[in-house]
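# A closer look at the structure
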Amino acid sequence: MKAPPRLLSLIEEGLIDTVVRQLMSGKEAMVYVVRSGDETRCAKIYKEANNRSFRQAVDYTENRKVKNSRQARAMAKGTKFGREAQEAAWQSAEVDALYRLAAAGVRVPRPYHFHDGVLLMELVTDAHGDAAPRLNDVSFSPEQARTHHATLIGEVVRMLCAGVVHGDLSEFNILLAHPGEDDGVDFPVIIDLPQAVDAAGNLHAQRMLLRDVANLRDFFGQFAPELLATQYGPEIWSLYQSGLLDQDSVLTGRYQRAAGAVDLGGVMREIDDARDEEAARRLRMTQP
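Quick summary incoming for the structure in this document.

Rules used in this analysis
Residues numbered from 1 in each chain as written. Predicted model: local features only at pLDDT ≥ 70, side-chain atom pairs only at ≥ 80, totals over all residues. Heavy atoms only, no water. Phe/Tyr/Trp six-rings, centres within 6.5 Å; stacked < 30°, edge-to-face > 60°. Helix = DSSP H or I, 4+ residues; strand = E, 2+ residues; numbered from the N terminus. Buried < 20%, exposed > 50% of the residue type's maximum accessible area, 1.4 Å probe, protein only. Pairing = 2+ DSSP bridges. Axes fitted to C-alpha atoms, helices over the stretch in contact; angles between N-to-C directions. Parallel < 35°, antiparallel > 145°, perpendicular 65-115°, else oblique. Left-handed = near helix turned anticlockwise from the far one by under 90°. Contact = heavy atoms within 4.5 Å. Expected span 1.5 Å × (residues − 1).

### Side note on the packing of aromatic side chains
Both the distance between ring centres and the angle between the ring planes are used here to describe each pair of aromatic rings. Tallying each qualifying case throughout the model produces seven aromatic pairs. For the pair Trp 237 and Tyr 240, a centre-to-centre distance of 4.9 Å together with 45° between the ring planes defines the contact as tilted. Here the residue Trp 237 and the residue Tyr 240 both occupy positions in helix H7 (residues 232-241), the gap between them amounting to three residues, near one helical turn. Here Trp 237 falls in the buried class, since its relative accessible area comes to 7%.

Now the structure itself:
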């Protein structure tokens, strides 16, 4: 197919040889299958801010740091240069998160290059070598649901131990990959990380993590209803806050909230958050 204008510079640089097809168009990016030498990869083209339908950027970009003090001042003032710097920081956030999480052993696509607003990375595939399906497109047996849920809870813990909260984790941005072995078992791969936040530096990190884990519970609970009664999110965050969380922490899925005054403001934020998440979910379902 004809290469989109945003990919021409990568072709000129020799990072891409040909564009095979468009893979998807999401709320913050368009993704294409490309060839780089003998390998098939994917190129993620980030949409400009005025073309994105992602609605909660302020929550996700809170406390993100830039090394250049001039950029930081401009971002704080909201100047044209500041908006451009903020957009660049937004786009590079996924690259930073991918490298950070891959080093922590989290199953994410391998990044190769980030150039001119385009992320070139591994194409996650199924058993036939085609692009792997999203969890939303797959049905599971109760045993498979329990297995994948446990795996993903472990990935959430690894991410948090690395200081990262996904912030938008759901069945729509987890792929079911094949390991490339005849007797291998399919496993989930987490994608779409430009909204990932620093667990220690973002005031919204706790409710984002709780929502991420609740999304996993609700999705897999369709196939294994006993998962609907679990409380892994509060349990994980409580261990994290206490400095007791590590990758080998034994989780029970049970959590007893300490007695105390009701945080009405927190409850209202959860209600607003749930409303925004439902709107975002409906939007994702209308996209290819």
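### Thoughts on the pairing of strand E1 (residues 18-25)
In this structure, E1 lies alongside strand E2 (residues 29-36), joined through six bridges in antiparallel fashion. Counterpart to Thr 18 in the pairing with E2 is Arg 35. In sequence, E1 turns back onto E2 through a hairpin of three residues.

### Some remarks on the packing of helix H5 (residues 142-161) against H7
Close contact between H5 and H7 brings their axes to 11 Å; oriented N to C, the two are set at 25°. What the angle tells us is that H5 and H7 run roughly parallel. Where H5 crosses over H7, the handedness of that crossing is right-handed. The residues of H7 that touch H5, namely those facing His 149, Ile 153, Val 156, Val 157 and Leu 160, are Tyr 232, Ile 236, Trp 237 and Tyr 240.

### A word on H5
With 20 residues, H5 should reach 28 Å at 1.5 Å per residue; the first-to-last C-alpha distance of 29 Å fits that figure. Within H5 the residues assigned to the buried category are Ala 145, His 148, His 149, Leu 152, Ile 153, Glu 155, Val 156, Val 157, Met 159 and Leu 160. Taken from the residues just after H5, Gly 163 is the one with a positive phi, measuring 85°.

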